[in-house]
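Working through the structure, step by step
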Amino acid sequence: MKKIVSVTMAAAMLLGLTACGGKAGSTAVSSSTAGAASQSAAEGEKVTLNFWDMNWNSAAGDMYVNAAKAKVDEFNASQDHIVVEYQSIPWADYYQYFLTAIKGGAGPDVATAGSQTPIQFYQMGEILPLDDIVEQWKTEGTYEDYIAGIVESNYYDGHYIALPWGCDPRTIIYRTDLFEEAGITELPTNWEELKAALETLKEKFPDKVPLAAFGNLQGAQQVFDYFLHTNEGGQVTEDLKADFNNPKMQETLEYVASLYDGGLIPEGMIAYEQTDAERLFLSGEACCMIPASTSALLDDNLKDKVGILNPIQGPSATEPRTLYWANSIAAYAQTKYPEESKQFIKWWLENQESLFVDGLLSAVPARISFMENPYFSENVLIKSYTEVIYPTFLHATYPVPGFYPAYGQINGERYLGEAGQKILSGERDYNAIMDATQVKIQEALDAVS
Amino acid sequence: MTMKRQKLADDILTYLLLFVLCFFMSLPIISMLGTSLKTSQDALASYSLFPESGKWYFENFATVLTKTTFASNILNSAIVSVGAAVLCMVLSCLAGYTLSRYHTRITAAFTILLLALQMLPIILVLVPTFMIYRGFHLTDTLLGLVLNYTATNLAFSIWMLKGFFDTIPKELEEAAMMDGCTRFGAFLRVILPISAPGISTVAIFAFVRCWNEYMVARVLIQSDEYKTINLGLQQFVAQYSVDWALLSAAAVIATIPTIIFLVCAQKYLVQGLTAGAVKG
Amino acid sequence: MNLLRKGKSKFDSPRMGYIMLLPAALLLIVTQIYPFFYGVGMSFTDYSLLTANAPDFIGLGNYIKIFTSDPDFYKILGFSFVYTLSIVVFSYVVGMALALLLNRPIRGRAAFRAIVLIPWVISSSIMATNWKWLMNDQFGFINGLLQSMGLIDEPIRFFATAGWAQFSVTLIGIWRNIPFMAITLLSGLQSIPSDLYDASRVDGANKVQTFFRITLPSLRGVTLVSTTLMFIWAFNGFENIYLLTDGGPLNATMVVPIYAYKTAFNSSKMGYASALSVVLMAIMVIFSIIRMKLNERAEA
């Protein structure tokens, strides 16, 4: 044994030391981004763009990725100047991945990412504005085809820093069969009715959780943000001052606290991740779930028994509201080929319709005409999305019309989620919670001004 | 007679304690194995570790193998971990020997530096590290990962081998050199062969730590073809987050290579450590 | 005699040694030491990833803020110490118990050893997911077991309250580190000469006395090294808590490395995150020095 090891050692030593020098040179070729960056965009020569795309329907495995790759192939075949290389980016730690790559000079030319990502990179000077495309759309009439206000959600500092392709709403799903069994025939339309329905469910099914939810930072953020928006509330004023201790916020905190104290949401939810809430719903242990999950909608055992609740109205709201984020695509300033990047983005947005169908995107398209596709207009579940929910949209940044620089930190650090977790851990001093958060929001706003 | 009875009682107690402790140590593994044999529906809502029906469902494994790129992920992890372990072994033998045998100001400073490097927080170096690798065109290459893993494991490895070489008497090389060997020759022919246990311990440590690394791989690797098993697994987790049975099957497959490795390597690990690698 | 002296002088020339040191030194300088200084440099600036402006040098500003006006820092540091010291102490105690058991001449020793080593080789994300499943309040095996044994009525919410969450991440941290302790201590036990034990037996010492008089003192070197390393790894460790609770609920399980990570990547304050990392490293350096000095005194 000893002899074998020592022989291997000696061999490895020689190999290791020589291979070290030899390999370093040859790997430069295998780095595709490096190769692209060093090419020149001379006339007639092909231009390579790196397109980073998130998996927008990860609940359905590779379905979206394959459809998106096919779409990119279609673009590559449609002209002979640009070659787009498709790269699917997993959601886990994606922001850190973008950040290190872009800071290290190895970012993408074009990318989709989290909805707040473009404003974050714009602040760093890493975003290429897409004003030209909007100009063109305004003359071509395409601009009118977008959901009102959605293009403006990425208008900042006089520039369109990204362009929307879809909207990502938060809704509550419910078990139609259990509602029927509990005798709930009228769907709730406001906070009080929702609470009454949940109480009825709790009485009828004492062993089930009325409303499955998850309350880790991300989950608490979503639950409170959802109710805050149904109450037409926000965390900042329209002219970007901290506004966390407002009456609508207090109503929201008190309302969720009453759901928690009434045993209508899971007692241990502060430790739940999305999968824990989904597990409750999928195993039939819960009557409703917030936020709606694609897995639950696609589940074979449940798909005929699940519906989407209508938008809800809070006590201070003028009408029922639905929280949504604009999902967008952006070009990055490091690109060597700004014109080609814009050309691709314009094509991508205009030809994306089939991707919603082939990739089973859970998002609703940002373009109105795409919704005329039979996939949207005939599917009952999705139809209720487009007809009932879409007119009640209130963007996540409300009352600000679009993403603002501090939003990245306010949403990313999950100040609202932190305040919500205090509620979920039994703290009931609303003023203290709101005042503490108010300070943090103001700090975040100050940090970027 | 009492001696015998005493021994029997001790043995029973030993086994009892070992079973309890081993159960605690392997609880997550048992849970993972059990869940991987359940149907997706069964896995959703039951307390039990193994399928309640008593029927073992093996289909999850077939599904995982057809739906993932685990084969290529495992190969990448093997290349990177073996590469880094070997390189680490070579460099740390050379350096560890020097630190053990030459006591100058430079080697003393280097020894202190190695201790400090083990305390390097990853956040402090993550962004600059990426920039350097970018500069050498080493991002998105397996070689980049090999070099990074070698570097991050080097401090501990050198330090362990220095401890090991310290236990070997100097007279051994001196004798070989009087027989006409050069210094390096004595090192190669005399010191290395008797250091095999210590060297294998270093290699095992490095291999295991490389196999399980996630954060640096996440930042450095972009292409699917270079993804390691932890990246593949993370991707799979995101895609099948609620199919716990399938997830567990994937985790079992991802864990098998390390378990096999462990069963083969544990003997050498104990031998190497016993022989003085961690003596301080 | 003459020959030997000649050999000695050749032996003591360090040039050959430096050449052998060079490859490792080069690699460390490029990939570890340079980034380290780069990071330390950043810690003296207000470098924020949120703006395109070049970072300004602010001297010790970040450090002053950490120690005087960061509302969370001392709480986080406090739990970091509790978490780390618990891991060091309990993984040492359980590791020692396992090592003593595995050192006995019993059947199936190799199999037991392999099982004990499992937590060490399994990937962190797999182990975190499985522990979370086992400790789930609704469907977890552990709650099911305790309930069926009649020990509890209500399920324990292992990650929901501050106290339970701190207990759970610490317990899993200990679990994760027992194998290293067990295996190093086992190797330490095996290198204790058996005549020491024979002498002790002749003196009529019982097992407990033998353990404290012979075994423990003989393991002093191994103990020093393994506990120091464990302190560094646990204090600097990131993945365990990050994957289990992400520092929650309400920062109850937040430790310095995760705090630095979040400061860097959620708040984009690279300068401040670097300063936190430097403080983290300084604490480890100071602790290790104290540990070594105490040991030197004990030995003297």
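Quantities reported herein were computed from a predicted structural model and do not represent experimental measurements.

Attention shifts here to the overall build of chain A. Helix and strand content of chain A: 19 helices and 14 strands. Out of the 449 residues in chain A, the part that is buried amounts to 60%. Carbon together with sulfur atoms contributes 50% to the accessible area of chain A, which is approximately 16600 Å² in total.

Once that is clear, we can look at the overall build of chain B. When its secondary structure is counted, chain B shows 13 helices and 0 strands. Against the 2.2 N^0.38 benchmark of 19 Å for 280 residues, chain B shows a C-alpha radius of gyration of 24 Å, more extended than a compact globule. Projected onto its principal axes, the C-alpha positions of chain B cover 75 × 75 × 30 Å. When the 280 residues of chain B are sorted by exposure, 63% land in the buried category. Summarising the internal contacts of chain B: among those between residues at least 6 apart in sequence, 72% fall at separations of at least 24. As presented, chain B carries roughly 10500 Å² of accessible surface, and 70% of it is formed by carbon and sulfur atoms.

Moving on, we come to the packing of aromatic side chains. Counted according to the given criterion, the structure contains 64 aromatic pairs over all chains. Ring geometry for B:W56 versus B:F58: centroids 6.5 Å apart, planes at 65°, classification edge-to-face. B:F58 shares its class with B:W56; the two are exposed. Seen from their ring centres, C:F231 and C:F287 are 3.5 Å apart, and the 10° between their planes marks the pair as stacked. Of this pair, C:F231 sits in helix α11 (residues 220–236) while C:F287 sits in helix α14 (residues 270–299); the two residues are 56 residues apart in sequence, bridging distant segments of the chain. Cluster of aromatic residues (ring-pair linked, three or more members): A:W52, A:W56, A:W91, A:Y94, A:Y95, A:Y97, A:F98, A:F121, A:W165, A:Y332, A:F356 and A:F370. The ring of A:Y143 carries the charged tip of A:K138 above its face, separated from the ring centre by 5.0 Å.

All names here are of chain A. With the rule as written, the count across this model stands at 26 salt bridges over all chains. As a salt-bridge pair, D261 and R428 come within 2.7 Å of each other at their nearest N and O atoms. Within this pair, whereas D261 is found in helix α10 (residues 247–261), its partner R428 is found in the loop between α18 (415–424) and α19 (430–448), the two being separated by 167 residues in sequence. Residue classification places D261 among the exposed positions, given a relative accessible area of 53%.

Another aspect to go through is the domain arrangement of chain B. Bring the parts together and some accessible area is lost; that lost area is often taken as the interface size. Residue and element names in this part refer to chain B. Taken as a whole, chain B is organised into domain 1 (2–62) and domain 2 (70–277). Computed from C-alpha atoms alone, the centre-to-centre distance between domain 1 and domain 2 is 32 Å. Carbon and sulfur atoms make up 77% of the surface buried where domain 1 meets domain 2, a total of about 850 Å² over both sides. The largest contributions to the domain 1 side of the interface with domain 2 come from M32, N60 and F61, which together make up 51% of the buried area.

The interface is formed by 98 residues belonging to chain C together with 101 residues belonging to chain B. Buried area between chain C and chain B, both sides added, is near 9000 Å², and the carbon and sulfur share of it is 78%. Linking chain C with chain B are 2 salt bridges, by the criterion used here. For the interface between chain C and chain B, the tally reads 14 residue pairs in polar contact (both at pLDDT 80 or more). When the residues that make up the side of chain C that touches chain B are grouped by side-chain class, the tally is 68 nonpolar, 22 polar and 8 charged.

This brings us to the sheet that holds strand β11 (residues 306–308) of chain A. Residue and element names in this part refer to chain A. Strands sit in the order β9-β10-β8-β11 across an open sheet of 4 strands; the sheet is mixed. Of all strands in the sheet, those bounded by a partner on one side alone are β9 (209–212) and β11. Across this sheet, the average inter-strand angle for adjacent strands is 25°, counted without regard to direction.

Turning to the environment of C:Q209, a few remarks are in order. Residues and elements named next belong to chain C. With respect to the element layout, Q209 can be found in helix α10 (residues 207–218). Classification of Q209 by relative accessible area gives partly exposed; the value is 32%. Considering only alpha carbons, one finds Q209 and L244, 35 residues apart in sequence, at a separation of 41 Å. Excluding its chain neighbours within four sequence positions, the residues that come into contact with Q209 are G204 and I214.

Turning to a nonpolar patch on the surface, a few remarks are in order. Taken together, the side chains of B:L33, B:F50, B:W56 and B:F58 present a nonpolar region at the surface, about 420 Å² in accessible area. Within the secondary structure layout, B:F58 lies in the loop between α2 (40–44) and α3 (59–67).

What follows concerns the confidence of the model for chain B. Do not read the predicted coordinates in detail wherever pLDDT is low. Summing up the model confidence of chain B, the mean pLDDT is 85 and the portion of residues at 70 or higher is 98%. Per-element mean pLDDT across chain B ranges from 79 in α2(B) up to 92 in helix α4 (residues 70–101) of chain B.

Ranked by size, the top nonpolar core spans 347 residues in total, and within it A:F98, A:F227, A:W348 and C:W131 carry the most contacts. Looking at which element gives the most residues to this core, the answer is helix α7 (residues 142–166) of chain B, with 16 residues. Beyond its immediate chain neighbours, meaning those up to four positions away, C:W131 contacts B:F24, B:L27, B:P28, C:I142, C:I172, C:W175 and C:L244.

By volume, the second largest pocket amounts to about 1200 Å³. If you trace the second largest pocket, you find 26 residues lining it, with B:D10, C:L100, C:R104, C:Y197 and C:K207 closest to the centre. The set of elements that each furnish at least two residues to the lining of the second largest pocket consists of α1 (2–36) of chain B together with α4 (73–102), α9 (194–202) and α10 of chain C. Here the lining of the second largest pocket takes 8 residues from α1(B), the largest share from any one element.

In this approach, a probe sized like a water molecule rolls over the atoms, and the result shows the empty space that is left. If you walk through the whole model with that rule in mind, you get 12 cavities of 30 Å³ or more. Around the largest cavity, the lining is made up of 44 residues, and of these B:R209, C:W233, C:N236, C:G237 and C:E239 lie nearest the centre. Considering every element that reaches the lining of the largest cavity, the biggest residue donor is α7(B), with 7 residues. Here the second largest cavity defines a volume of roughly 130 Å³. When contributions to the lining of the second largest cavity are tallied by element, the ones reaching two or more residues are α1 of chain B together with α6 (124–134) of chain C. When its residues are assigned to classes, the lining of the second largest cavity shows 8 nonpolar, 5 polar and 2 charged.

Our next topic: helix α8 (residues 191–204) of chain A. All names here are of chain A. Taking 1.5 Å per residue, 14 residues should reach 20 Å; α8 reaches 20 Å between its end C-alpha atoms and fits that length. Within α8, burial applies to W191, L194, K195, A197, L198 and L201. On an axial view of α8, the arc spanned by its buried residues comes to 160°, and they lie on one face. With respect to the buried face of α8, the exposed residues turned more than 90 degrees away are E192 and E203. Its buried side turned inward, α8 meets α7 (176–181), β9, α9 (217–230), α10 and β10 (286–289).

To continue, consider unusual backbone geometry. Of note, the bond from A:I290 into A:P291 is cis; its omega dihedral lies within 30 degrees of zero at -10°. In this structure, A:P291 sits in the loop between β10 and α12 (294–298). Of the consecutive residues A:Y398 and A:P399, the connecting peptide bond is found in the cis state with omega at 5°. Note on placement: A:P399 falls in the loop between β14 (393–395) and α17 (407–412). In the Ramachandran plot, B:D140 falls in the positive-phi region, its phi being about 60° despite a non-glycine side chain. Take B:D140: it is sitting in the loop between α6 (122–135) and α7.

Thresholds, definitions, all that
Residues numbered from 1 in each chain as written. Chains lettered and ligands numbered in written order. Predicted model: local features only at pLDDT ≥ 70, side-chain atom pairs only at ≥ 80, totals over all residues. Heavy atoms only, no water. Helix = DSSP H or I, 4+ residues; strand = E, 2+ residues; numbered from the N terminus. Buried < 20%, exposed > 50% of the residue type's maximum accessible area, 1.4 Å probe, protein only. Areas by Shrake-Rupley, 256 points an atom, 1.4 Å probe, with all protein chains shown as cover. Rg over C-alpha atoms; globule rule 2.2 N^0.38 Å. Contact = heavy atoms within 4.5 Å. Phe/Tyr/Trp six-rings, centres within 6.5 Å; stacked < 30°, edge-to-face > 60°. Lys NZ or Arg CZ within 6 Å of the ring centre and 35° of its normal. Salt bridge = Lys/Arg side-chain N within 4 Å of Asp/Glu carboxyl O. Domains from an automatic or database assignment. Buried area = accessible area lost by both parts, 1.4 Å probe. Polar contact = N/O pair within 3.5 Å; in protein donor to acceptor, adjacent residues only side chain to side chain. Nonpolar A, V, L, I, M, F, W, Y, C, P; charged D, E, K, R; others polar. Pairing = 2+ DSSP bridges. Axes fitted to C-alpha atoms, helices over the stretch in contact; angles between N-to-C directions. Patch = residues over 30% accessible without salt bridge, like charges linked within 9 Å, V, L, I, M, F, W, Y side chains within 5 Å. pLDDT = per-residue confidence, 0-100. Core = buried A, V, L, I, M, F, W, Y, C linked by side-chain atoms within 4.5 Å. 1 Å grid on protein atoms, 1.4 Å probe; cavity = no way out; pocket = protein on both sides within 12 Å on 5 of 7 lines; lining within 4 Å. Points joined across faces, edges and corners; volume = space filled by probe spheres on them. Expected span 1.5 Å × (residues − 1). Arc of directions from axis to C-beta.

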